[in-house]
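Topology and contacts: notes
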Amino acid sequence: MISWIKKIISFFKAYIYDSSVNVKNRSFIVFSSTVLVALFAAIPCGLIMGEPLMATISTFVGAVFFTIYVAICIRYSRLERARVTISIVLVFAFLPLMFFTNGGVYGGTPVWLLLGTIYIAMILEGRMKIVMLILNMVSMCVYFSIGYYFPNLITTYDRRGNYFDTIVGLIIVSWIIYSLISFQISLSKHEEADKSLRRLFEQTATALVNAIDAKDRYTHGHSARVAEYSRKIAILAGKSERECDDIYYTALLHDVGKIGIPEAIINKEGKLSDEKYDIIKQHPALGAQILKSISEIPFISIGAHYHHERYDGKGYPDGLKGTDIPEFARIISVADAYDAMTSKRSYRDTIPQQQVREEFVKCTGTQFDPDFARMMIHLIDVDTEYEMKEREEINELSGRNELFIGDARSSVSDGILLTQYMTTITLKVEKNKLTPTRIPKASLLLFDSLDGHYHDSEKNIKDMLFIEYGNIWFDGHYDIMVARKMEAKTFDTDFSEAPFPDEYVIHAVRENDHLFIRIIGTDTTSEVIVALPDSVRFAYIGLTGEYCHIDDIRVVKSKEINTEPIPRIAEEVSYIDGPIGDIPNIQLNGYRTIATDGIPITGNFTITFHTKSLPTARLVWHCPFVNIFSSDDGKVFGKNYKDYMLMRLDGECWEGDPACDVTLSIIKNDDFEGWEAWKNYNKDGFDCTINVTRNENKITVRTENFGILLKHTALILDDPDTIYFALTGDQCAITNIRISR
């Protein structure tokens, strides 16, 4: 019995000082435990005072209910809901019941009514706290008024001049307040000490990482990026905040063993010989040896030791296979490979993200853990602006801060991506010292390519799908290439906006298929609107010109979406002018850019529609998706949105919320002619039929298209009010959507 109590106390202490747990949840546990002790202590006090039996029973029932409910909420991680539920029960059921059965204003319960106020103030937050405090004050006024005007509703008893219950109530409530305040003070001290130790660890880890980066000029920032990608995967895997932090720091130090590898080998140009590669392969064991001495954090060496193991057992140093590889290492392996492919190396440029995605699809289950590879693919899909890649100090210029340009386009900066977030570029334009007699002219090259770079060779133009929209000169005139239309106007620069001589400030933003670019010079300002061929392709700015020196370049992107609309100079390109069915047609210009409203899954139904991939579509997954989800408003990404299942018609499936267990069945019959034929099938367009069946919380989706038979079953483990079905996708048009039940 004593050991059992010690275990409970040990668990209690570990929980309330666990910084990975929401502080409100920890306060809730402390408050709940204190109140439970107080409630059970109040029962014998009531018996001593001869309180009405109903009062003692209500206290006992409330204490038992409170104990069971809190235990269940801890077991199933529903503390957020419990805080609100108990506040409502406390204010509107338990406390008024005690008030009316325990002597009203003449008993000890007025003191107990303070519990509602204390609870709400300490446990709730935001708008809910304000609303509940108001309702609590109103309800207390109502209870006292009823007790005063209708005393016959109060169960009274003979107090005989004894105020023992009131005194005990004051003592218990005071003890509750004292316990909570003591907890907050102790928590503050504990967390400050924890933060201090964590800062020390962060600084030490950063110093080690900087030492690695100093040796390897080709992987600057690699460890930090791998750590961040590993954290993202851990979050998708449903890890706790503490576990995500542990994975982050483990990944941050995964390459620490490179400290022991000769610098000449690390920085060798081109690919390594077999002999030198064998030396590089020693860095996992070296890293594990360096980190294993950190006994307080035993897992920290896992990433260093095992991050080059492969899921099929063909990795090194130990040749571990499958789940024999520690989970942290399987996550870091995926993040490490992704960053290696999306970073520049001595022997190649960065690999376009879409090709990286295809590599992960191909290597799932061989090089990579299938679950974590699938999560990486999902991160790639939602990274529509390719933010997850190597970022240098001035990444758009590959680390350079100036350009020397001779003949037209002899030098073009790397692309600066234009989005709905305003981009501001400041720079200086001077004469090129090599061509001092020529007039310097700067311009903005508008283009798209898979790697965000300008290309002029026929092979690269084809391989990187390079297209040029047009060119805008700083004096306002322009050259149109494949843009549908451009309009420009030039006017005198407002004195308050004028930069210094030879300096320019450029503001550029995108809205769907239109760009707005303002070039502010010392004397004149030019504003150009560009109508792109479509809303799908990216739009990059490359700094270029002729006979000029572009210097002192700074690029800043706003953190807020631009709200000022761009005047439209060309009609929006639409591929959904076909027949409209039961719900509106949708056009997907990118990954899940829109979705149909949710269709409640209340029984079995069939949905039919026509789909056709957009002219820009070139990948297998540019097709419709089926989305099974829940939200308060029935909209994808609506309030309290939960993504249970996202099924592509090519068979790929993203299992989102942990409260969903998905079973996949993909069969390719004789009608399937390969993925190239599948892409052509989508480009030609086809009619699709999807059958949805529901048996309680088990939802099955079936469809067959071009020889691919899909049967995906989602078992919803939580209990949402309504489960919805929606259509979405990537680079496709979905029309004539009809629902039959």
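Here the structure is a predicted model, which is why all the values come from computation and not from measurement. Every chain is numbered independently, its residues counted from 1 as its sequence is written. Where totals are concerned, whole chains, interfaces and linings use all residues; where local detail is concerned, this predicted model gives features only for residues with pLDDT of at least 70, and gives and counts side-chain atom pairs only at 80 or more. With hydrogens and water set aside, each side-chain value is computed from the structure's full complement of heavy atoms.

Side note on a nonpolar patch on the surface
Stated formally: Exposure above 30% relative accessible area and no salt bridge define the residues that can form patches, which grow by joining like charges within 9 Å and nonpolar side chains of Val, Leu, Ile, Met, Phe, Trp and Tyr within 5 Å. Here the Shrake-Rupley method, with its probe set to 1.4 Å, supplies the accessible areas, and only the displayed protein chains count as covering residues. Salt bridge, as applied in this entry: a Lys or Arg side-chain nitrogen positioned within 4 Å of an Asp or Glu carboxyl oxygen. In this description a helix means any DSSP run of H or I spanning at least four residues, a strand means any run of E spanning at least two, and both kinds are numbered starting from the N terminus. Exposure is judged per residue with a 1.4 Å probe applied to protein chains only, and the accessible area is read against the type maximum: over 50% gives exposed, under 20% gives buried, and values in between give partly exposed.
A cluster of nonpolar side chains, Phe40, Leu53, Ile57, Phe60 and Val61, forms an exposed patch at the surface whose accessible area comes to about 480 Å². No other element matches the four residues that helix α3 (residues 53-75) contributes to the nonpolar patch. Checked against the element boundaries, Ile57 lands in helix α3. What makes Ile57 partly exposed here is its relative accessible area of 40%.

Observations regarding the sheet that holds strand β14 (residues 599-600)
Worth spelling out the cut-off: When DSSP finds at least two bridges between two strands, those strands are taken to pair.
The five strands are arranged β14-β24-β16-β17-β18 in an open sheet whose pairing can be described as antiparallel. The open sheet has two edge strands, β14 and β18 (653-655), and neither has a second partner. Direction of pairing for strand β16 (residues 624-630) relative to strand β24 (residues 724-729): antiparallel, over a ladder of six bridges. Directly across from Phe629, in β24, lies its bridge partner Tyr724.

Brief notes about the nonpolar core
As a reminder of what qualifies: We define the nonpolar core as a collection of buried residues of types Ala, Val, Leu, Ile, Met, Phe, Trp, Tyr and Cys that are connected through side-chain atoms lying within 4.5 Å of one another. Here, residues are in contact when the closest pair of their heavy atoms is within 4.5 Å.
Phe360, Ile628, Ile690 and Phe725 are the most contacted members of the largest nonpolar core, which has 83 residues in total. Tallying contributions element by element places helix α15 (residues 327-341) first for this core, with eight residues. With residues near it in sequence (within four places) discarded, Ile628 still touches Ile601, Lys642, Asp643, Tyr644, Met645, Ile699, Val701, Ile723, Tyr724 and Phe725.

A word on the pairing of strand β1 (residues 402-405)
In regular strands, side chains alternate between the two faces of the sheet. Residues Leu403 and Ile405 of β1 are buried on one face, while the alternating residues Glu402 and Phe404, pointing to the opposite face, are not. Across four bridges, β1 lies against strand β12 (residues 548-561) in antiparallel orientation. Across the sheet, the residue bridging to Phe404 is His549, located in β12.

With respect to the side chain of Asp414
Tracing the chain through its elements places Asp414 in the loop between β1 and β2 (416-417). Using a relative accessible area of 11% as the deciding quantity, one classes Asp414 as buried.

Structural notes on a negative patch on the surface
Where we set the bar: His is not counted here, nor are the chain ends, while Lys and Arg score as positive and Asp and Glu score as negative. Working definition for charges: the position is that of NZ of Lys, CZ of Arg, CG of Asp or CD of Glu.
Together, Asp632, Asp633, Asp719 and Asp721 make up a region of like negative charge exposed at the surface. Of note, Asp719 is situated in the loop between β23 (708-716) and β24. A relative accessible area of 66% means that Asp719 is categorised as exposed.

Considering the packing of aromatic side chains
To keep it simple, the criterion reads: Centre distance within 6.5 Å is the pairing criterion for rings of Phe, Tyr and Trp, where only the six-membered ring of Trp is used; planes under 30 degrees apart are then read as stacked, over 60 as edge-to-face, and the remainder as tilted.
Applying the stated rule across the entire model yields 19 aromatic pairs. Between Tyr338 and Phe360, the aromatic rings sit 6.4 Å apart at their centres with planes inclined by 35°, giving tilted as the arrangement. With Tyr338 in helix α15 and Phe360 in helix α16 (residues 353-363), the pair connects residues that are 22 residues apart, well separated along the chain. What makes Tyr338 buried here is its relative accessible area of 0%.

Description of empty space enclosed by the protein
The condition is simple: Computed over the protein atoms alone on a 1 Å grid, cavities are sets of points where a 1.4 Å probe fits but cannot get out and pockets are open sets with protein on both sides within 12 Å along at least five of seven lines; a residue lines them when it has an atom within 4 Å of a point. Grid points are joined across faces, edges and corners, and a volume is the space filled by probe spheres set on the points. In the scheme used here, Gly and all other residues not listed as nonpolar or charged are polar, with Ala, Val, Leu, Ile, Met, Phe, Trp, Tyr, Cys and Pro taken as nonpolar and Asp, Glu, Lys and Arg as charged.
Enumeration according to the criterion identifies three cavities of 30 Å³ or more in this entry. The space that makes up the second largest cavity amounts to roughly 50 Å³. Along the walls of the second largest cavity sit Ser613, Ala617, Arg618, Leu619, Val620, His622, Trp678, Lys679, Asn682 and Lys683, which together make up its complete lining. Looking at which element gives the most residues to the lining of the second largest cavity, the answer is helix α19 (residues 675-684), with four residues. For the lining of the second largest cavity, the residue count by class is four nonpolar, three polar and three charged.

Section: the sheet that holds strand β5 (residues 467-473)
Ordered in space as β2-β11-β4-β5-β6, the five strands form an open sheet in which the pairing is antiparallel. Two strands bound the open sheet, and with one partner strand each, they are β2 and β6 (478-480). Taken together, the three bridges between β5 and β6 define a ladder with antiparallel strand orientation. Paired with Ile472 across the strands is Tyr478, a residue of β6.

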